[in-house]
Amino acid sequence: GAAFYFVDISLEGCELQLLQKDGVYLMEVPRPVSRMVIPTGGRADVAVRCRPGRYTLASGLHPGASGTFNGNMYRNPHL
């Protein structure tokens, strides 16, 4: 069968605002989110606001919070 992969995106230190999922705008926008979990083939539009500085766009099992970082944003070994 087909593998189910997803990206679990976080950008610690920045504000994420979800605007739409799979091309459909939400009833109330923007929606504040701390992370985005997007399945294979899924799409999301997110507004991002960060203070000046350097940030790491991370994918993994609660990156940053759990200390786990998955450098390959297209495969999560924790599944």
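Residues numbered from 1 in each chain as written. Predicted model: local features only at pLDDT ≥ 70, side-chain atom pairs only at ≥ 80, totals over all residues. Heavy atoms only, no water.

Student: Lay out the overall build of the protein chain with the relevant residues and their values.
Tutor: If you tally the helices and strands in the protein chain, you get 0 helices and 7 strands. Looking at the protein chain residue by residue over its 79 residues, the buried ones come to 25%. Counting contacts in the protein chain only where the partners sit at least 6 residues apart, residues at least 24 apart contribute 61% of the total. Carbon together with sulfur atoms contributes 55% to the accessible area of the protein chain, which is approximately 5800 Å² in total. (Helix = DSSP H or I, 4+ residues; strand = E, 2+ residues; numbered from the N terminus. Buried < 20%, exposed > 50% of the residue type's maximum accessible area, 1.4 Å probe, protein only. Contact = heavy atoms within 4.5 Å. Areas by Shrake-Rupley, 256 points an atom, 1.4 Å probe, with all protein chains shown as cover.)

Student: Let's hear about the sheet that holds strand β1 (residues 6-10): which residues, and what values?
Tutor: On the basis of which strands lie adjacent, the open sheet formed by 3 strands has the order β5-β1-β7 and antiparallel pairing. Single-partner strands in this sheet number two, and they are β5 (36-39) and β7 (58-59). Summarising the sheet, β1 and β7 pair through 2 bridges and their orientation is antiparallel. Counterpart to Ser10 in the pairing with β7 is Ala58. (Pairing = 2+ DSSP bridges.)

Student: So what's going on with the side chain of Gln20? Residues and values would help.
Tutor: Position of Gln20 relative to the elements: it lies in strand β2 (residues 15-21). Beyond its immediate chain neighbours, meaning those up to four positions away, Gln20 contacts Tyr25, Leu26, Arg43, Ala44 and Asp45.

Student: Go over the pairing of β5 with me, naming the residues and quoting the values.
Tutor: Residues Met36 and Ile38 line the buried face of β5, whereas the alternating positions Val37 and Pro39 sit on a face that is not buried. Strand direction decides the pairing type here: β1 and β5, joined by 4 bridges, are antiparallel. Opposite Val7, over in β5, you have Ile38 as the bridge partner.

Spatial relationships are all this shows, so hold off on functional conclusions.
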